[in-house]
Amino acid sequence: MEEVNRFVESEAERYQQEYDDFNDPESNDLHHPLLKRNRTLSSSPLAIVGTKVSHIESLDYEINENDLFKQDWRSRSKVQVLQYILMKWLLAFLVGILTGGIATLINLAVENIAGYKLLAVVNYIDEERYMMGFLVMAGANFFLTLVAALLCVLFAPTAAGPGIPEIKAYLNGVDTPDMFGATTLIVKIIGSIGAVSAGLDLGKEGPLVHIGSCIASLLGQGGPDNYRVKWRWLRYFNNDRDRRDLITCGSSSGVCAAFRAPVGGVLFALEEVATWWRSALLWRTFFSAAVVVVVLRAAIEVCKSGYCGLFGHGGLIMFDVSGVEVRYHAFDLIPVAVIGILGGLLGSLYNYALHQVLKVYNVINKKGKMHKLVLALSVSIFTSVCLYGLPFLAQCRPCDPLDSSCPSTGREGNFKQFNCPKGHYNDLATLLLTTNDDAVRNIFSINTPSEFNMFSLAIFFALYCILGLITFGIAVPSGLFLPIILMGSAYGRMLGIAMAPYTKIDQGLYAVLGAASLMAGSMRMTVSLCVIFLELTNNLLLLPITMLVLLISKTVGDCFNPSIYEIILELKGLPFLDAHPETWMRNITVGELTDVKPPVVTLSGVERVGRIVEVLKNTTHNGFPVVDSGITVSPPLGSSPNSANELHGMILRAHLVLALKKKWFRPEQRRTEDWEVRKEFTSIDLAERGITIQEVTVTKDEMDMYVDLHPLTNTTPYTVVESMSVAKALVLFRQVGLRHMLVLPKYQAAGVFPVVGILTRQDLIAHNILDVFPHLSSSKGKKSH
């Protein structure tokens, strides 16, 4: 016990030092991943969530099969089971309704704010008051960015960025605090409107995924933490497993709301964010996505009647290229393959460059909140200067006399007059002096082979490469989808112009393929991305060449670095468990991992109150094996009986605190009866979280009393033998969604302690293992599948 206490004291000092270093988000040197690595296999509970350094825990996805759970499960009537199933579908319906409604609100606000801003700028340009036009544009963008950044910096740092890496981590089993709160949701909505309306090179797709997940989480728990509705029918969802399913529905609904792509949204949740999946969850995510589409379609029909201001046929990302005949021959596969290779190369290069930029931004952000604001506003001013000034470098091009839409002088259109004389248009202004959504529509435009020249497209591509790198990472809600689409469509269209004499594929389709290739090269998605682009472009004939482009791009990109979301996860320090373990993990056993960990802390089945309080106050563990000693073991024939230790199960920290809070103490050391347990505890009590040992008061007399832990103990924890390889244990840990994995001795005999150790998520992270076993790095290779 003295050794344990000494270790606990040293661990507490180490943790306090780390927490002092990291607790202030502004004082953290972020040149390196957030998790500080140690020479012992111990976990650092700190990571970046949004732009905030937070203390993280794992989630309890495992079913806690204690006596109370079994009693509650047996006592459920058919009506209660039916109520539980219906509530799942009702919550999925509400997630779809609210996500679709908020997405409509965001689109309405963005189109009207950005639209009136551009109309004012165009009016000054028509009057040749160019400096006044720039001041109006830059001033409006500056103000909108300031609003979005202030909200994120002061009220909800977790709302900054796309939110998708944190959602991936949550569905993988990492509790990301304040990520799905009401304040985060409100700031995400307002911040997205401000940042997108400000013309920054970012999209609302990632934020919409986060918004859908926030809605799902709040519905599942009955509202914000401080104002939670504790209705009886919500008690079924007061657990991490059901909340995980709801957040999966929310992320799918967010993608659907962003792209109006219900099937693509479901596949995105399956391929990109979800770790755990089953057929029933597939049906509910598809149902939520279908509800979103109905809401969005209804909103579009209403807006067509003129009730939505400047929001008419645009606003929702839907780039229709079905008005052109898709014809291609064997020769066309060559430029298509070139697009795929370029997408893989440029995507991996973009991932590397963005990683370096984010490191630099983290160094800037450590200097204080004011520096975060200055960084965001500096990017806004630079963006305004480029969007307004670069079109002056382009040459005016004559309009087609047969095209009545050229030139256009409004806020949208394919042939913007800008500074050109009557009958001419500025192709670069068509792409830059508009919203990002309209820029994609313009560059995807079909049957316009001579609309853009190579010089303008090259400037557009170079500019958005720069803006895409410097904009992502500032303290505003931002998405990666649209910047990557804009970059990819530019080089796709340029290749289409170069191949025009040799191919019959429209240049607009080349732009679509370029956007798809860069997304696959950066994000490494294939199936979901293919379906999303088909639903975006409404052209099924693009399917074969789109599949070819995506496969080539992903294959090329995988040769250089991980996907952009995996890079961000590592940079933030979130302990994400990958689906495929490293090959060297087969060369080490779980027993060897437990050997370098501190001794396991166990409790007796009927434990003294003082011992429980001591363990809870002096450790930060969230689970403890419960071991009964003195159990009589049947001996071999002819031998005398022996006594041994028996592993009864595992008890959670929250349940120990609950037992102390309810003062479920007995003066004598005995096991309790079932009726005594049911009288004091319910399954709803065991689902409550958030109570700490510091909130519980225990008197000196109570310290010598006893608590029967058997009814609260999970009697069926997942266990592995100490000779199992780490690779196999990692696959089991991830697929089942565990928080703790008990390691048992290979040989069970009298006098042998039944538990060798406990493995947690941090113990299975590759770089944590390599820090303790550096010799394994020499055998590093590809991941095993």
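Note that the structure is a prediction, hence the values are computed from the model and not measured.

Criteria and thresholds
- Residues numbered from 1 in each chain as written.
- Predicted model: local features only at pLDDT ≥ 70, side-chain atom pairs only at ≥ 80, totals over all residues.
- Heavy atoms only, no water.
- Phe/Tyr/Trp six-rings, centres within 6.5 Å; stacked < 30°, edge-to-face > 60°.
- Helix = DSSP H or I, 4+ residues; strand = E, 2+ residues; numbered from the N terminus.
- Buried < 20%, exposed > 50% of the residue type's maximum accessible area, 1.4 Å probe, protein only.
- Lys NZ or Arg CZ within 6 Å of the ring centre and 35° of its normal.
- Axes fitted to C-alpha atoms, helices over the stretch in contact; angles between N-to-C directions.
- Parallel < 35°, antiparallel > 145°, perpendicular 65-115°, else oblique.
- Left-handed = near helix turned anticlockwise from the far one by under 90°.
- Contact = heavy atoms within 4.5 Å.
- Nonpolar A, V, L, I, M, F, W, Y, C, P; charged D, E, K, R; others polar.
- Salt bridge = Lys/Arg side-chain N within 4 Å of Asp/Glu carboxyl O.
- Pairing = 2+ DSSP bridges.

Visitor: Which parts of the structure should I look at to understand the packing of aromatic side chains?
Guide: What describes a pair of aromatic rings is the distance from one ring centre to the other and the angle between the planes of the rings. What the rule picks out here adds up to 14 aromatic pairs. Aromatic side chains Y170 and F180 sit 5.1 Å apart centroid to centroid with 80 degrees between the ring planes, which places their arrangement in the edge-to-face category. Remark: F180 occurs in the loop between strand 4 (174–175) and helix 6 (182–197) and Y170 occurs in helix 5 (residues 164–172); sequence separation between them is 10 residues. Accessibility classification places Y170 together with F180 in one group, the buried group. Through pairs of rings, three or more aromatic residues link up here, namely Y130, F134, Y388, F392 and F418. It is R241 that lies over the ring of W276; its NZ or CZ is 5.6 Å from the centre.

Visitor: Help me understand the environment of G101 in this model?
Guide: Within the secondary structure, G101 is located in helix 3 (residues 78–126). C-alpha of G101 to C-alpha of A299: the two residues are 198 residues apart in sequence and 8.4 Å apart in space.

Visitor: Is there a simple way to explain the packing of helix 3 against helix 4 (residues 130–154) in this structure?
Guide: Axes are the key here: two packed helices are described by the angle between their axes and the distance separating the axes. Contact geometry of helix 3 with helix 4 gives a least axis separation of 7 Å together with a crossing angle of 165 degrees. As judged from the angle between their axes, helix 3 and helix 4 are roughly antiparallel. Two packed elements cross with a definite hand, and for helix 3 against helix 4 that hand is right-handed. Along the contact surface, helix 3 presents I113, K117, A120, V121, Y124 and I125, while helix 4 presents Y130, M132, G133, V136, M137, A140, N141 and L144. By residue class, the composition of the contact of helix 3 with helix 4 is 11 nonpolar, two polar and one charged.

Visitor: Help me understand the side chain of K168 in this model?
Guide: The residue K168 is located in helix 5 in this model. What makes K168 buried here is its relative accessible area of 7%. Here K168 is in contact with E272, V273, Y565, L569 and F576, once residues within four sequence places are set aside.

Visitor: Sorry, what's going on with the pattern of salt bridges here?
Guide: For side chains of opposite charge, pairing can occur when their charged atoms come near one another. Evaluated as defined, the whole model comprises 20 salt bridges. Put simply, K663 and E702 hold a salt bridge, and the shortest N to O gap is 3.2 Å. Taken together, the residues span a long stretch of sequence, with K663 in the loop between helix 23 (653–661) and helix 24 (674–680) and E702 in the loop between helix 25 (683–687) and strand 11 (706–708) at a distance of 39 residues. With a shortest N-O distance of 2.5 Å, E668 and R670 are connected by a salt bridge. Each of R244, D245, R278 and R284 takes part in salt bridges that share partners, so that together they form one network.

Visitor: Whenever I open this one, the side chain of S528 confuses me. Can you help?
Guide: Along the polypeptide, S528 turns up in helix 18 (residues 527–537). Given a relative accessible area of 0%, S528 falls into the buried group. Leave out the neighbours within four places in its chain, and S528 touches G264, L267, F268 and E271.

Visitor: Help me out: how do you make sense of the sheet that holds strand 12 (residues 719–721) in this one?
Guide: Strand pairing in a sheet takes place through backbone hydrogen bonds and is either antiparallel or parallel in direction. Reading across the sheet, the three strands line up as 12-13-14 and stay open at both edges, with mixed pairing between neighbours. Strands at the two margins of the open sheet, each flanked by one partner only, are strand 12 and strand 14 (757–759). On average, each strand axis in the sheet is tilted by 35 degrees relative to the strand beside it, whichever way the strands run. As paired elements, strand 12 and strand 13 (residues 741–744) share three bridges and run parallel to each other. Bridge pairing in strand 13 places V720 opposite V743.

Visitor: I keep staring at helix 5 and nothing clicks. Help me out?
Guide: Residues three or four positions apart in an α-helix share a direction because the helix packs 3.6 residues into each turn. Taking burial as the measure, the nine residues of helix 5 include nine buried ones, the bulk of the element. At the exit of helix 5 stands G173, carrying a positive phi of roughly 120 degrees.

Visitor: What's the story with the packing of helix 11 (residues 333–365) against helix 20 (residues 564–572) in this structure? I'm lost.
Guide: At a closest axis distance of 10 Å, the pairing of helix 11 and helix 20 adopts a crossing angle of 25 degrees. What the angle tells us is that helix 11 and helix 20 run roughly parallel. For the pair helix 11 and helix 20, the crossing hand works out as right-handed. Facing N351, L354, H355, L358, K359 and N362 of helix 11, the residues of helix 20 in contact are I564, I567, I568 and L571.

Visitor: Is there a simple way to explain the environment of L764 in this structure?
Guide: Residue placement: L764 occurs in the loop between strand 14 and helix 27 (766–772). Judged by relative accessible area, L764 falls into the buried class, the value being 1%. The spacing of L764 and A729 is 35 residues in sequence and 8.5 Å in space, taken between C-alpha atoms. Beyond its immediate sequence surroundings of up to four residues, L764 is in contact with L577, M585, L593, V726, L730, F733, L759 and I769.

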